[in-house]
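The chain contents come next:
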Amino acid sequence: MSIYQFSAKRITGEEESLENYKDQVVLIVNTASECGFTPQFGELQELYETYHEKGLTILGFPSNQFGKQDPGSNDEISEFCQVNYGVTFPMFEKVDVKGASAHPLFNYLTNEAKGTLGKQIKWNFTKFLVNRNGEVVERFAPQTKGDKLSSAIKAVL
């Protein structure tokens, strides 16, 4: 299996197959607009700008499951990300990332790369690095940012 078997709705409402990201390195992140980690949007955008030409894309998936820290509508989330952090990487509709109603993509990701809580996602801004074959190669804790992400991305590119 790979991420290419899944699809999700872009934040603007269109269904998109993740097969569109075939042959790219993908960093999938569950995001939130009102979290202590929210400033990571800026760092993620910098990573996107630095490595996009080399084959990296970042996919943001807002979730309101942790402390209700993303209560806005998809339009509000999109505007927040663009206005405050200049986000240009693809953002998707708000989804559940854990529990019975978790999006199938996140069930796959957590099965492939377990974290501190096993298959469960601990908090906002958990990150999954996916290679050019659509396979999960590494999972990062919410607090992981900057140099560690950059090093891992360069290694997979």
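Look above for the structure.
The structure presented is a predicted model; accordingly, all values stated were derived computationally and were not measured.

Draft legend 1. Quick peek at the pattern of salt bridges. All chains considered together, the criterion is met by two salt bridges. For Lys22, the salt bridge identified is with Glu19, shortest N-O distance 3.8 Å. Note on Glu19: relative accessible area 42%, which makes it partly exposed.

Draft legend 2. A look at the packing of aromatic side chains. Summed over the entire model, instances satisfying the criterion amount to nine aromatic pairs. Centroid distance Tyr48 to Phe89: 5.9 Å. Interplanar angle 65 degrees. Geometry classified as edge-to-face. Residue Tyr48 is found in helix α1 (residues 40–51), and its partner Phe89 is found in the loop between α2 (74–85) and α3 (104–112); the two are separated by 41 residues along the sequence. Its relative accessible area of 4% is what places Phe89 among the buried residues. A ring pair is formed by Phe106 and Phe128, whose centres lie 6.5 Å apart and whose planes are at 75 degrees; its orientation type is edge-to-face. You can see Phe106 sitting in helix α3 and its partner Phe128 sitting in strand β5 (residues 127–130), a full 22 residues away along the chain. Note on accessibility: Phe106 and Phe128 belong to one class, buried.

Draft legend 3. Geometry of α3. Among the residues of α3, Leu105, Phe106, Tyr108, Leu109 and Thr110 are the ones counted as buried. Against the buried residues of α3 lie β3 (25–31), β4 (56–62), β5 and β6 (136–140).

Draft legend 4. Region of interest: the side chain of Glu16. Secondary-structure assignment places Glu16 in strand β2 (residues 15–17). A distance of 3.3 Å separates a polar atom in the side chain of Glu16 from a polar atom in the side chain of Asn20. The contact partners of Glu16, leaving out residues within four places of it in the chain, are Phe6, Ser7, Ala8, Arg10, Tyr21 and Phe92.

About the cut-offs
- Residues numbered from 1 in each chain as written.
- Predicted model: local features only at pLDDT ≥ 70, side-chain atom pairs only at ≥ 80, totals over all residues.
- Heavy atoms only, no water.
- Salt bridge = Lys/Arg side-chain N within 4 Å of Asp/Glu carboxyl O.
- Buried < 20%, exposed > 50% of the residue type's maximum accessible area, 1.4 Å probe, protein only.
- Phe/Tyr/Trp six-rings, centres within 6.5 Å; stacked < 30°, edge-to-face > 60°.
- Helix = DSSP H or I, 4+ residues; strand = E, 2+ residues; numbered from the N terminus.
- Contact = heavy atoms within 4.5 Å.
- Polar contact = N/O pair within 3.5 Å; in protein donor to acceptor, adjacent residues only side chain to side chain.

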